[in-house]
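Architecture and fold: a report
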Amino acid sequence: MKIAQDSQDREKGFGNFTAQQTMVLRNKHGQESQRQLRVKVLEVSEDGDKSLFVFDEPRDVKGTALLIHAHRESADDQWLYLPALKRVKRISSSNQSGSFMGSEFAYEDLTPQAVEKFTYRYLRDEAYGDLTCTVSERFPVDKKSGYSRQVVWRDKDELRVWKVEYYDRKNSHLKTLTLENYAQYLERYWRAGEMTMVNHLTGKSTVLTWTDFEFQTDLDDRDFTQTGLRRVR
């Protein structure tokens, strides 16, 4: 738990950031489809962060938006705006394991992984490429999580996450997330440039490529309201 707490403490003070994201969906035959998104994140002191994902392309999903109000010790609040229906849909906590817009990322994978949402067990230290990583298990406190446990590889120097194995409620290895192309911003905050989630049961995968990070912009609470989702452009 100390490692996760130290990592969370290093994130304090970033304020907010915006970024562009390319989402590539790949089926088991290798066929791909691509989507473009904008991402905004606002740091919230003493609670979870607020996040907003807005789809810009292709046309059939343009304007779709996911708003997350994360919480450290209770279930997150999530709303999905579907422009075709002109409707804001609340994502219930029992549906957090559902797929986000057909990707291999579940809604719960997109929320900040607050320390308080897991219990932890140290497993070992091991080499990961040129790095030495601490490998630990974390167990979701929320019984509605789609996972029984997650195994996390985190480097010992900067505490960056490089790999996560997700195990379903039957303890089968469901998915693996790998992170790469890290860059440091404001001489302190590390962000991965690429995140790949592979589903071992379906053979499908999703790659998220992050670009154009801008920290400490003019974002505030008014950019992260449920009513504002209908006006997102």
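Reference entry: report on the structure contained in this document. The residue numbers shown here count from 1 along each chain, following its written sequence. Given that this is a predicted model, residues contribute local features only at a pLDDT of at least 70 and side-chain atom pairs are listed and counted only at 80 or more, while totals for whole chains, interfaces and linings are drawn from all residues. To obtain the side-chain values, all non-hydrogen atoms of the structure were included, while hydrogens and water were left out.

1. Notes on the overall build of the protein chain
Secondary structure counts use DSSP, requiring at least four H or I residues in a row for a helix and at least two E residues in a row for a strand, with both numbered from the N terminus. Of regular secondary structure, the protein chain possesses 2 helices and 15 strands. Along the first, second and third principal axes, the C-alpha atoms of the protein chain reach 50 × 40 × 35 Å. Exposure classes here rest on a 1.4 Å probe applied to the protein chains alone. A residue is buried below 20% of its type maximum, exposed above 50%, and partly exposed in between. Burial analysis of the protein chain (233 residues in total) assigns 49% to the buried set. Within the protein chain, contacts between residues at least 6 apart in sequence are counted, and of these 44% link residues at least 24 apart. Note on areas: these come from Shrake-Rupley sampling with a 1.4 Å probe, and a residue is covered only by the protein chains present in the view. If you sum the accessible surface of the protein chain, you get close to 12,200 Å²; carbon and sulfur atoms cover 46% of it. Working rule for contacts: check all heavy atoms of both residues, and any pair within 4.5 Å makes them a contact.

2. Quick notes on the pairing of strand 3 (residues 50-57)
Of all the 8 residues making up strand 3, 7 are buried; the element is thus mostly covered by neighbouring parts of the structure. Sheet analysis places strand 2 (residues 32-42) next to strand 3, joined by 7 bridges and oriented antiparallel. By the bridge assignment for strand 3, Lys-40 is matched with Leu-52. Think of it this way: DSSP has to see at least two bridges between two strands before they count as a pair. One ladder, built from 5 bridges, connects strand 3 with strand 4 (residues 65-69); its direction is antiparallel. Across the sheet, Phe-53 pairs through a bridge with Leu-66, a residue of strand 4.

3. Thoughts on the pattern of salt bridges
It is possible for side chains bearing opposite charge to pair when their charged atoms get close. Any Lys or Arg side-chain nitrogen located within 4 Å of an Asp or Glu carboxyl oxygen qualifies as a salt bridge. Counting across every chain of the model gives 16 salt bridges. Between Glu-158 and Arg-10 there is a salt bridge; the shortest N-O distance is 3.6 Å. You can see Glu-158 sitting in the loop between strand 9 (147-155) and strand 10 (161-168) and its partner Arg-10 sitting in helix 1 (residues 2-10), a full 148 residues away along the chain. Across the pair Glu-137 and Arg-121 runs a salt bridge, and its minimum N-O distance is 2.5 Å. Placement of the pair is Glu-137 in strand 8 (residues 131-140) and Arg-121 in strand 7 (residues 118-128), with a sequence separation of 16 residues. Looking at Glu-137, the relative accessible area reads 5%, which means it is buried.

4. Here we look at the environment of Gly-63
For Gly-63, the position within the fold is in the loop between strand 3 and strand 4. With residues up to four places along the chain from it excluded, the contact list for Gly-63 reads Phe-55, Tyr-81 and Pro-83.

5. Observations regarding the nonpolar core
Here the nonpolar core consists of buried residues drawn from Ala, Val, Leu, Ile, Met, Phe, Trp, Tyr and Cys, with membership extended through side-chain atoms lying within 4.5 Å. Phe-17, Phe-53, Leu-66, Phe-100, Leu-177, Met-195 and Trp-210 are the most contacted members of the largest nonpolar core, which totals 45 residues. When residues in this core are grouped by element, the largest group, 5 residues, is from strand 10. Within the second largest apolar cluster, 12 residues are counted, among which are Leu-42, Val-54, Ala-65 and Val-88.

6. Details of the side chain of Ser-205
Within the secondary structure, Ser-205 sits in strand 15 (residues 205-215). Residue Ser-205 is classed as buried on the basis of its relative accessible area, which comes to 11%. Non-local contacts of Ser-205, meaning those with residues more than four positions away in its chain, are made with Val-24, Leu-25, Arg-26, Glu-104, Met-197 and Val-198.

7. Focus: the side chain of Ser-148
Its location among the elements puts Ser-148 in strand 9. Pairs of N or O atoms within 3.5 Å make up the polar contacts considered here, provided that, within protein, one atom can donate a hydrogen while the other can accept it, and that residues adjacent in sequence are counted only when both atoms are side-chain atoms. Engagement of the side chain of Ser-148 in a polar contact is seen with the backbone oxygen of Asp-168, the distance being 2.7 Å. Contact partners of Ser-148, with chain neighbours within four places excluded, come to Phe-139, Pro-140, Tyr-167, Asp-168, Arg-169 and Asn-171.

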